[in-house]
Amino acid sequence: MKILAMASLGISILLFLYAMYVLVLTGLSLWGRRRPIPRVEPRNWPRVTVQLPIYNEGGVVERLLGAVVALDYPRDRLEIQVLDDSTDETAQRVQRQVAYYQSLGHPIELLRRPHRNGYKAGALAYGLQRARGEFIAIFDADFVPPPDFLKRMIPVLLADPSIGAVQARWSHLNAQASWITRIQALMLDAHFIVDQAARSAAGLPVNFNGSAGVWRREAIEAAGGWEGDTLTEDLDLSYRAQLAGWRLVFVPDVDVPGEVPPSLQAFKRQQFRWAKGTTQTFRKLIGRILVSRWPWWKRLVALFHLGGYFTNLLGVLLLLLWGPLLRHAAERPKWTVILGLGLLAIPLMYGLGQQALYPDWPRRVWAIPLLFLVGTGLTLNNTRAILEALLGYPSEFIRTPKGERAMDGDGEVDPTGWIEGAFALYALFLAWRAWHHNMDGVVPFLLCYAISYGIVAWHSLVSIRPSPAVLPPVSSAAPRISLDEADRRGPLSR
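Residues numbered from 1 in each chain as written. Predicted model: local features only at pLDDT ≥ 70, side-chain atom pairs only at ≥ 80, totals over all residues. Heavy atoms only, no water.

## Focus: the overall build of the protein
Helix and strand counts for the protein stand at 19 helices and 7 strands. Counting the 494 residues in the protein, one finds 57% classified as buried. Here the contacts in the protein between residues at least 6 apart in sequence split such that 84% fall between residues at least 24 apart. In the form shown here, the protein has an accessible surface area of approximately 21,100 Å², with 60% of it arising from carbon and sulfur atoms. (Helix = DSSP H or I, 4+ residues; strand = E, 2+ residues; numbered from the N terminus. Buried < 20%, exposed > 50% of the residue type's maximum accessible area, 1.4 Å probe, protein only. Contact = heavy atoms within 4.5 Å. Areas by Shrake-Rupley, 256 points an atom, 1.4 Å probe, with all protein chains shown as cover.)

## Remarks on the packing of aromatic side chains
For the structure shown, the criterion picks out 19 aromatic pairs. Between the aromatic rings of phenylalanine 423 and tyrosine 426, the centroid separation amounts to 6.4 Å while the plane-to-plane angle is 70 degrees, which identifies the pairing as edge-to-face. On the criterion of helical spacing, the pair formed by phenylalanine 423 and tyrosine 426 is a turn pair, its members being 3 residues apart in helix α17 (residues 416-436). Judged by relative accessible area, which is 16%, phenylalanine 423 ranks as buried. (Phe/Tyr/Trp six-rings, centres within 6.5 Å; stacked < 30°, edge-to-face > 60°.)

## With respect to the nonpolar core
Val50, Phe149, Leu150 and Val214 are the most contacted members of the largest nonpolar core, which totals 72 residues. The element that contributes the greatest number of residues to this core is helix α6 (residues 179-202), accounting for 11 residues. In terms of nonpolar packing, the next biggest core, distinct from the first, is built from 24 residues, Leu314, Leu318, Ala434 and Tyr453 among them. (Core = buried A, V, L, I, M, F, W, Y, C linked by side-chain atoms within 4.5 Å.)

## Let's talk about the side chain of asparagine 382
Looking at the element boundaries, asparagine 382 is found in helix α15 (residues 379-390). Looking at asparagine 382, the relative accessible area reads 2%, which means it is buried. Side chain to side chain, asparagine 382 and asparagine 312 meet in a polar contact 3.2 Å long. In contact with asparagine 382, other than residues within four places in its own chain, are Gln271, Phe272, Ala275, Tyr309 and Asn312. (Polar contact = N/O pair within 3.5 Å; in protein donor to acceptor, adjacent residues only side chain to side chain.)

## Points about a nonpolar patch on the surface
A cluster of nonpolar side chains, namely Trp296, Trp297, Leu300 and Leu303, defines an oily patch on the protein surface of about 420 Å² accessible area. Within the secondary structure layout, tryptophan 296 lies in helix α10 (residues 296-306). (Patch = residues over 30% accessible without salt bridge, like charges linked within 9 Å, V, L, I, M, F, W, Y side chains within 5 Å. Salt bridge = Lys/Arg side-chain N within 4 Å of Asp/Glu carboxyl O.)

## Some thoughts on the sheet that holds strand β2 (residues 78-84)
Read across the sheet, 7 strands follow the order β3-β2-β1-β4-β6-β5-β7 without closing on themselves; strand pairing throughout is mixed. Of all the strands in the sheet, just β3 (108-111) and β7 (247-258) have a single pairing partner and so form its edges. Strand-to-strand twist across the sheet, computed as the mean angle between neighbouring axes with direction ignored, equals 20 degrees. Across 4 bridges, β2 lies against β3 in parallel orientation. Looking at the pairing, glutamine 81 lines up with glutamate 109 of β3. (Pairing = 2+ DSSP bridges. Axes fitted to C-alpha atoms, helices over the stretch in contact; angles between N-to-C directions.)

## As for the pattern of salt bridges
Here the structure, examined in full by the defined rule, presents 23 salt bridges. Notably, a salt bridge pairs glutamate 221 with arginine 217, separated by 3.0 Å at the nearest N-O pair. With glutamate 221 and arginine 217 both in helix α7 (residues 217-222) and 4 residues apart, this pair spans about one turn of that helix. We classify arginine 217 as buried; its relative accessible area is 18%.

## Section: the side chain of glutamate 79
You can see glutamate 79 is positioned in strand β2. On the basis of relative accessibility, which here comes to 3%, the residue glutamate 79 falls in the buried class. Reaching out from glutamate 79, the side chain makes a polar contact with the side chain of threonine 49 at a distance of 2.6 Å. Leaving out residues up to four positions away in the same chain, glutamate 79 has contacts with Val48, Thr49, Val50, Pro107, Glu109, Arg130, Ala131, Arg132 and Gly133.

## Some points on the pairing of strand β5 (residues 163-172)
Buried residues dominate β5, accounting for 10 of its 10 residues. Of the strand pairs in this sheet, β5 and strand β6 (residues 213-216) are connected by 3 bridges, and their pairing is antiparallel. Residue alanine 165 lies in a different strand from β6, and its bridge partner there is tryptophan 215.

## Considerations on the packing of α6 against helix α9 (residues 264-290)
Here α6 crosses α9 at 30 degrees, and the two axes come no closer than 10 Å. Classed by the angle they form, the pair α6 and α9 counts as roughly parallel. Crossing of α6 against α9: the hand is left-handed. Contacts from Ile180, Gln184, Met187 and Leu188 of α6 reach α9 at Leu264, Phe267, Gln270, Gln271 and Trp274. Per-class residue counts for the contact of α6 with α9 are 6 nonpolar, 3 polar and no charged. (Parallel < 35°, antiparallel > 145°, perpendicular 65-115°, else oblique. Left-handed = near helix turned anticlockwise from the far one by under 90°. Nonpolar A, V, L, I, M, F, W, Y, C, P; charged D, E, K, R; others polar.)

## Things to note about helix α18 (residues 443-461)
In a regular helix each residue adds 1.5 Å, so 19 residues correspond to 27 Å; α18 covers 27 Å between its end C-alpha atoms and thus fits that length. What α18 keeps buried is the set Val443, Phe445, Leu446, Cys448, Tyr449, Ala450, Ser452, Tyr453, Val456, Ala457, His459 and Ser460. (Expected span 1.5 Å × (residues − 1).)

Pasting the structure below:
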């Protein structure tokens, strides 16, 4: 029993240290707000290739293409690659849209591979072989870049030749659709305006987030190019580029709106992919990082960054250890005070993210407890992802559903909900035992677990179809056509 008590104490200390790491980043982000982003306006704009990786996303692809062809950038210095791996009606929709914009004189081309090897990383590598741009901008299908995106991002790259990539902040098209979208927007806001801002300002490892960023082609090639052996090819390339001596910079004053998953099931699948991919990257690169010439503190931050999802595994282990410990009243877990104090750093980070971005931030922080509950409820889902990554178990890159397709896929039942439901009952039983033995300090933690797993289990097992969100129209000078209108106009020449 002493061994179990020591194990639970060790886990609590690790979780406390991670919370302190979050607190340090929060403080660094306040300091980083005051640092201006240097920019150099060029006499002649460099050539840029915009890559748009698409896979079965017909519900949003028209909006994306309409926004990209409206980018305010010299046409003779711009190249747009539509990297379409679609296997459904999206392929025909994309083909007709591209043909239409070509007829208007836009520098856009459609590239289709004979296979989907490497998933998104493979598509980006395929396009890079044919790209003529010195800089490579990347947008996922559910993003809507503003017209001035390139003219605000390219000058940051030109200000310092050691910058390998710049990442814009994500904003949200459908944040107000439901409580589920609100908590995701809250999480992403904190990631960008606190986490990314702190890293960038302090010269710590920064990651390209897969969309709404611009790479220097030379940096991609120097790092070894895109590789598809992880589910987070963006994080993988980011670290390889920085290990090769390049800098990555976060640009907080440029935001690109995109969609967040409209349902808890879609969010759960996205988190599984992110957790597994991040752990795969940890497994792949941690050895290179630890023996690199980076300062010790930079290597330590990289360890916390790439190992961040391990907190999910630690949380599950802690709950499992509470069972045998609560059987012995003498083994009262006094370490819950340590853990509770550390957890205060998390809502502080989320609250600061809202305060930095929105004048009405006091009206938005109500969602922080909901985010905490859902995040706790996803620990089982993410633990499974972590274990699969550590054991080398392969899985397909499954894109998060977007637009109409996000609504169509919500009738599925996730059988892991039964396990989550069992954990909810287990935590509730432990809460009763703790209360029965006058261990009042443990009860709130166990009730949190019970409620969290219960929420996620319910959404996993019950078909809950979200109401379609009404998204704002794209502000664009470029005309956009629907598939039906393209059919009426007939074939269009390139």
